[in-house]
Amino acid sequence: MARNCVEGLADASPVELSQIEISSAGLGLHWPKLDADVYVPALLQGVLGSKSWMAKQLESVGGQARTEAKSAAARENGRKGGRPKKIAQR
């Protein structure tokens with residue numbers, strides 16, 4: 001598990017990560033020094049943090065795609081005066 005992909009573990013040192021507890025039911029992982037918890041079934045489903053944290057992670061990489069098609073579309077939109085204005089729906 002990449003620590004920067006899981007909420008609460010991103011800035012953890014290897015020493016902090018090495019001290020881990022498994023819940024009595026075996027479904028949770030707890031890092032006492034970090035006060036971080038991970039629910040294993042959710043982790044297996046790709047839930048790596050709270051909804052707001054995961055959304056923020058996706059936002060940080062969402063617009064970074066660099067393809068020729070995206071560049072061409074951006075140039076074409078620029079020639080047309082930019083992205084069309086959103087019209088409020090009533």
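Up top is the structure.
Residues numbered from 1 in each chain as written. Predicted model: local features only at pLDDT ≥ 70, side-chain atom pairs only at ≥ 80, totals over all residues. Heavy atoms only, no water.

Caption draft 1: Inspection of the overall build of the protein chain at higher detail. What the protein chain contains, in helices and strands, is 4 helices and 3 strands. Overall, the protein chain shows an N-to-C arrangement of helices and strands of α-β-β-β-α-α-α. Buried positions account for 13% of the 90 residues belonging to the protein chain. Looking at the protein chain alone, contacts between residues at least 24 apart form 28% of all its contacts between residues at least 6 apart. (Helix = DSSP H or I, 4+ residues; strand = E, 2+ residues; numbered from the N terminus. Buried < 20%, exposed > 50% of the residue type's maximum accessible area, 1.4 Å probe, protein only. Contact = heavy atoms within 4.5 Å.)

Caption draft 2: Structural view of the nonpolar core. Formed by Val6, Leu9, Leu29, Trp31, Ala36, Val38 and Leu43, the largest nonpolar core amounts to 7 residues. Of all the secondary structure elements, the ones that give two or more residues to this core are strand E2 (28-31) and strand E3 (36-39). (Core = buried A, V, L, I, M, F, W, Y, C linked by side-chain atoms within 4.5 Å.)

Caption draft 3: Representation of the pattern of salt bridges in the model. Inspection of the entire model under this criterion finds 2 salt bridges. In this structure, Glu68 and Arg75 form a salt bridge, with 3.0 Å as the shortest nitrogen-oxygen distance. Of the charged contacts in the structure, one is a salt bridge between Glu76 and Arg79, with a shortest N-O distance of 2.8 Å. Taken as a pair, Glu76 and Arg79 lie in helix H4 (residues 68-79) at a separation of 3 residues, close to a single helical turn. (Salt bridge = Lys/Arg side-chain N within 4 Å of Asp/Glu carboxyl O.)

Caption draft 4: Local environment of the sheet that holds E3. Ordered in space as E1-E2-E3, the 3 strands form an open sheet in which the pairing is antiparallel. Looking along the sheet, the strands with just one partner apiece sit at the ends: strand E1 (21-22) and E3. Bridge count for E2 against E3 is 4 bridges, and the pairing is antiparallel. Paired with Leu29 across the bridge in E3 is Val38. (Pairing = 2+ DSSP bridges.)

Caption draft 5: Representation of the pairing of E3 in the model. Burial of the side chains of E3 is restricted to one face: Ala36 and Val38 are buried, whereas none of Asp37 and Tyr39 on the reverse face is. Between E2 and the antiparallel strand that follows it, E3, lie 4 residues; Asp35 among them carries a positive phi value of about 50°.

Caption draft 6: Representation of the environment of Ser13 in the model. Mapped onto the secondary structure, Ser13 falls in the segment before helix H1 (14-18). Distance in space between the C-alpha atoms of Ser13 and Leu34 is 9.8 Å, their sequence separation being 21 residues.

Caption draft 7: Examining H4 more closely. Here H4 contains 12 residues, and its C-alpha end-to-end distance of 17 Å stays within 8% of the 16 Å for a straight helix at 1.5 Å per residue. Gly81 sits one or two residues past H4 and shows a positive phi near 100°. (Expected span 1.5 Å × (residues − 1).)

Caption draft 8: The side chain of His30, seen in detail. Summarising the element assignment, His30 is placed in strand E2. Only 2.6 Å separates the side chain of His30 from the side chain of Asp37, close enough to count as a polar contact. For His30, the contacting residues outside a window of four places in its chain are Gln19, Ile20, Glu21, Asp35, Ala36 and Asp37. (Polar contact = N/O pair within 3.5 Å; in protein donor to acceptor, adjacent residues only side chain to side chain.)

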